[in-house]
Amino acid sequence: MLSVTNLDVAYGNAMALHGISIEVEQGQMVFIAGRNGAGKTTLFKSIAGFLEPRSGAILFEGKSIVGLPPEKVALLGIRYIFQDKRVFSNLTVRENIELAAYPVNVNMKEAVDKVLQIYPKMENFLSLRAGSLSGGQRQILLIGRALIGDPKLLLIDEPTEGLAAGTINDILNVLSAMKGKVSMVIVEQNLSVVGMLADKVYMVKEGKIMKEMVNKAEINDKMAMEQFL
Ligand SMILES: Nc1ncnc2c1ncn2[C@@H]1O[C@H](COP(=O)(O)OP(=O)(O)OP(=O)(O)O)[C@@H](O)[C@H]1O
Ligand SMILES: [Mg+2]
C-alpha cells in the first residue's frame with residue numbers, strides 16, 4: 001500500500017536521505033530502526049508531506065503523493081504521530097479528542113470510543129487536563145486520536161522514547177492489539193520492542209537502508225540487528 005523508491009531528501013545542501021526504498025503491505029507493521037540522526041524522522045516527514053524530496057517516488061495505494069501538502073496526505077488516510085508527544089496540555093483529554101474528530105467529521109461519542117477501545121482506562125482521564133497525563137498515557141492519547149476517522153496507515157515516530165519500562169509495556173499492549181487492523185510504520189530504537197512486534201524491519205544508517213529483515217528469527221536477534229545500526 002505504501003511504496004517508497006529511491007528517495008533522496010536534503011536540508012538545503014545537506015543530504016539527509018540517500019536512495020531510500022521501503023515497501024509496506026496492507027496490515028503490516030513495519031519498523032524503521034537506526035541511531036539518532038540516521039534520518040528516520042526525515043523519512044516520515046517526506047512521506048507525510050512536510051518535506052519535498054529531491055528525487056524519488058512515494059506511492060500510496062498506487063498513486064503518487066509526492067508534493068502533496070500534509071493535509072491532503074492526511075485526507076488520503078495517512079496519519080503521522082510526531083516524535084515530540086505533544087498534546088494540547090491546557091485542554092482536557094476530551095477536548096483533545098474533539099479537535100481530532102472535527103476535521104474528519106466524526107461525532108464525539110464515536111471518537112471517544114475509538115480512544116477507549118485501545119485504552120479503556122482513559123475513561124477516568126477524559127475531564128482532566130491532557131498535560132496531567134503521564135508520558136505513556138499521552139502517547140496512547142495521540143495514537144487513539146490518530147485512529148479517529150479510520151486511517152489506512154499510521155506513521156508513529158518513536159512511541160516508546162523516554163518512557164519507563166512499565167509504561168513501555170502499556171504501549172506494547174496497545175500496538176500489538178492494533179496489529180493487522182491498520183497498517184503501521186513505526187520508528188523505534190528499542191530493539192526489544194522491534195523484536196516483539198515487527199513483520200519487517202529496515203535498519204537505517206546515515207540516510208541509507210543498511211539492511212531489510214523479514215525473517216522472524218533474525219528480527220528477534222538483537223545482536224543481528226545491532227550490527228547494522
Ligand atoms: N530542520 C533541519 N535542518 C537541517 N538539518 C536537519 C534538520 N532536521 C534534521 N536534520 C539533519 O538530518 C539528519 C537526519 O535527522 P533526523 O531527524 O531525520 O534523524 P532521526 O533518525 O529521526 O534522529 P533521532 O533518532 O534523533 O530522532 C541529521 O543529520 C540531522 O541533523
Ligand atoms: Mg527522529
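As a starting point, this report considers the structure included with it. This one's a predicted model, so the numbers in the text were calculated from it and none came from an experiment.

**Considerations on the overall build of the protein**
When helices and strands are counted, the protein shows nine helices and ten strands. In summary, the protein has a C-alpha radius of gyration of 17 Å against a globular reference of 17 Å for 229 residues, a match within 12%. Taken along its principal axes, the extent of the C-alpha atoms in the protein is 45 × 40 × 30 Å. Out of the 229 residues belonging to the protein, those deemed buried represent 39%. The long-range fraction of contacts in the protein, counting pairs at least 24 apart against all pairs at least 6 apart in sequence, stands at 69%.

**What about the nonpolar core?**
Membership of the largest hydrophobic core comes to 66 residues, with the highest contact counts inside it found for L141, L155 and V201. With residues up to four places along the chain from it excluded, the contact list for L155 reads F44, I47, A48, I78, Y80, I81 and V185.

**Structural notes on the site of ligand 1**
Every residue close to ligand 1 is listed here: Y11, A14, A16, G34, N36, G37, A38, G39, K40, T41, T42 and Q83. Of the residues forming the shell around ligand 1, the biggest block, three residues, is contributed by helix α1 (residues 40-48). Per-class residue counts for the shell around ligand 1 are four nonpolar, seven polar and one charged.

**Considering helix α6 (residues 165-178)**
Compared with the 20 Å implied by 1.5 Å per residue over 14 residues, the 20 Å span of α6 between its first and last C-alpha is a close match. G180 sits one or two positions beyond α6 and adopts a positive phi of about 90°.

**Let's talk about the pairing of strand β2 (residues 14-24)**
As judged from the seven bridges shared by strand β1 (residues 2-11) and β2, these two strands associate in the antiparallel manner. If you follow S3 over to β2, its bridge partner there is E23. The loop that links β1 with its antiparallel partner β2 comprises two residues; one of these, G12, has a positive phi angle of about 60°.

**A look at the packing of helix α4 (residues 108-118) against helix α5 (residues 135-147)**
Taken N-terminus to C-terminus, the directions of α4 and α5 make an angle of 130°; their axes are 8 Å apart at the nearest point. One way to sum up the angle between α4 and α5 is to call them oblique. Between α4 and α5 lies a crossing of right-handed hand. Where α4 approaches α5, its residues K114, V115 and I118 are matched on the opposing element by I140, L141, I143, G144, R145 and L147.

Rules of the game
- Residues numbered from 1 in each chain as written.
- Chains lettered and ligands numbered in written order.
- Predicted model: local features only at pLDDT ≥ 70, side-chain atom pairs only at ≥ 80, totals over all residues.
- Helix = DSSP H or I, 4+ residues; strand = E, 2+ residues; numbered from the N terminus.
- Rg over C-alpha atoms; globule rule 2.2 N^0.38 Å.
- Buried ≥ 20, exposed ≤ 12 C-beta atoms within 10 Å, placed from the backbone.
- Contact = placed C-beta atoms within 7 Å.
- Core = buried A, V, L, I, M, F, W, Y, C linked by C-beta atoms within 7 Å.
- Near = placed C-beta within 6 Å.
- Nonpolar A, V, L, I, M, F, W, Y, C, P; charged D, E, K, R; others polar.
- Expected span 1.5 Å × (residues − 1).
- Pairing = 2+ DSSP bridges.
- Axes fitted to C-alpha atoms, helices over the stretch in contact; angles between N-to-C directions.
- Parallel < 35°, antiparallel > 145°, perpendicular 65-115°, else oblique.
- Left-handed = near helix turned anticlockwise from the far one by under 90°.

Any functional reading would require information beyond the geometric quantities listed.
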